[in-house]
Amino acid sequence: MIRLTGLTKRFGDLTAVEGLDLSVTRGELFGFLGPNGAGKTTTIRMMVGLLRPTAGQVHIAGRDMAADPIAAKARLGYVPDEPVLYDKLSGLEFLQLTADVYRVPAERARARAAELLDIFGLSDRAGDPIGAYSRGMRRRLALVAALLHEPEVLVLDEPTSALDPKAARLIKDVLRDFCRRGGTVFMSTHILEIAEAMCSRVGIIDRGRLIAVGTLDELRALAEPGGDGRAASLEDVFLRLTGDEEAVEPEEPSGTGTPP
């Protein structure tokens, strides 16, 4: 469902991402981890079509992001770390706009919006201007918008930031259900406990290079050659592979906006 081949991004003399090869299959909840400035957000921006790669290819559900961007973007939903919403629109008006962008039939859009607003506890506030929403409500609305057109792939940058424990648990349950139904989630997070609890596989990027990919047990074995590694947490593994003592700090500023 996601295939990245030789993905590279250079900004002048700086190489932010170099030669990244990665595949994520249907039904996976994939965690993407890395120290500050490692290239996570740059990778995500290239994946969703907000940033043109210097080299390499992105395929989403079999569609080439460069050669057929409209078809590729139609198959994914994206929520950046800081979603950009329209404060003067109501939540419902924003969802109607989103449905128009993705060409969701009006009747289906209304039914889908009502269903998702109820799931995310926003039904009572759907008519209020977004400018009156809390940060957590804005994040939930952004996820509703990302799910509205029933994408095959979700790309999420720090999906549980700014959420209280109840809302964070709801997001986790929604993402697990999305994957059980055959969807694919690519999730960047700096909260290693969330990645450890939720993700079927994890990739670790450091200095623009993908240094490890696998299940937690596979990463433990990689971090502890010759040992079973069963006592190591994901945080232990992460620190051993990256040597980064600030692994749980927020990363570089994320992208804003949604794919055109």
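Not measured: the values here are computed from a predicted model.

So, the overall build of the chain: which residues are in play, and what are the values?
Counting its secondary structure elements, the chain contains nine helices and 10 strands. A compact globule built from 260 residues should have a C-alpha radius of gyration of about 18 Å, and the chain, at 18 Å, falls within 12% of that. Overall, the C-alpha framework of the chain stretches about 55 × 40 × 30 Å when taken along its three principal axes. By element, 49% of the accessible surface of the chain is carried by carbon and sulfur atoms, the whole surface being about 12100 Å². On the chain, the mean spot of the 32 positive side-chain charges and the mean spot of the 38 negative ones are 5 Å from each other.

If you had to explain the sheet that holds strand E10 (residues 209-214) to someone new, which residues and values would you point to?
Ordered by their spatial adjacency, six strands build an open sheet running E6-E7-E8-E3-E9-E10, and the pairing between neighbours is mixed. Because the sheet does not close on itself, it has two edges, and the strands there are strand E6 (76-79) and E10. On average, each strand axis in the sheet is tilted by 15 degrees relative to the strand beside it, whichever way the strands run. Pairing analysis gives four bridges linking strand E3 (residues 29-33) to strand E8 (residues 184-188), with the strands arranged parallel. What sits directly across from leucine 29, in E8, is valine 185. With respect to the sheet, helix H5 (residues 135-147) is in contact with E6 and strand E7 (153-157), its orientation differing from that of E6 by roughly 170 degrees.

Describe in detail the nonpolar core, supporting the description with residues and values.
Membership of the largest hydrophobic core comes to 52 residues, with the highest contact counts inside it found for Leu95, Phe120, Leu141, Leu175 and Val185. Here the element with the most residues in this core is H5; it accounts for eight residues. The residues touching valine 185, leaving out its near neighbours within four places in the chain, are Glu28, Leu29, Phe30, Leu154, Leu156, Leu175, Phe178 and Cys179.

Let's hear about the packing of helix H3 (residues 91-101) against H5: which residues, and what values?
Contact geometry for H3 and H5: axes closest at 9 Å, N-to-C directions at 30 degrees. Here H3 lies roughly parallel to H5, going by the angle between them. Crossing of H3 against H5: the hand is right-handed. In contact with Gly91, Phe94, Leu95 and Thr98 of H3, H5 contributes Leu141, Val144 and Ala145. Class assignment for the residues of the contact of H3 with H5 results in five nonpolar, two polar and no charged.

Explain the packing of aromatic side chains to me, using residue names and the numbers behind them.
Tallied over the entire structure, the rule returns three aromatic pairs. When the ring of tyrosine 86 is compared with that of phenylalanine 94, the centres are 6.1 Å apart and the planes differ by 50 degrees; the resulting orientation is tilted. A relative accessible area of 47% places tyrosine 86 in the partly exposed class. Its relative accessible area of 8% is what places phenylalanine 94 among the buried residues. An aromatic cluster of at least three residues, connected via ring pairs, comprises Phe30, Phe32 and Phe186. We note lysine 9 situated over the ring of phenylalanine 11; from NZ or CZ to the ring centre the distance is 5.4 Å.

Give me the lowdown on helix H4 (residues 106-119), citing residues and values where you can.
The end-to-end C-alpha distance of H4, which contains 14 residues, comes to 20 Å, matching closely the 20 Å that a straight helix rising 1.5 Å per residue would cover. Among all positions in H4, only Ala109, Arg112, Ala113, Leu116 and Leu117 are buried. Around the axis of H4, the buried residues are gathered within 130 degrees of arc, so they sit on the same side. Turned more than 90 degrees away from the buried face of H4, the exposed residues are Glu107, Arg110 and Asp118. Directly after H4, the chain includes glycine 121, whose backbone phi takes a positive value near 65 degrees.

Parameters and conventions
Residues numbered from 1 in each chain as written. Predicted model: local features only at pLDDT ≥ 70, side-chain atom pairs only at ≥ 80, totals over all residues. Heavy atoms only, no water. Helix = DSSP H or I, 4+ residues; strand = E, 2+ residues; numbered from the N terminus. Rg over C-alpha atoms; globule rule 2.2 N^0.38 Å. Areas by Shrake-Rupley, 256 points an atom, 1.4 Å probe, with all protein chains shown as cover. Lys, Arg positive; Asp, Glu negative; His and termini not counted. Charge placed at Lys NZ, Arg CZ, Asp CG, Glu CD. Pairing = 2+ DSSP bridges. Axes fitted to C-alpha atoms, helices over the stretch in contact; angles between N-to-C directions. Contact = heavy atoms within 4.5 Å. Core = buried A, V, L, I, M, F, W, Y, C linked by side-chain atoms within 4.5 Å. Buried < 20%, exposed > 50% of the residue type's maximum accessible area, 1.4 Å probe, protein only. Parallel < 35°, antiparallel > 145°, perpendicular 65-115°, else oblique. Left-handed = near helix turned anticlockwise from the far one by under 90°. Nonpolar A, V, L, I, M, F, W, Y, C, P; charged D, E, K, R; others polar. Phe/Tyr/Trp six-rings, centres within 6.5 Å; stacked < 30°, edge-to-face > 60°. Lys NZ or Arg CZ within 6 Å of the ring centre and 35° of its normal. Expected span 1.5 Å × (residues − 1). Arc of directions from axis to C-beta.

Such coordinate-based values are descriptive only and should not be taken to indicate function.
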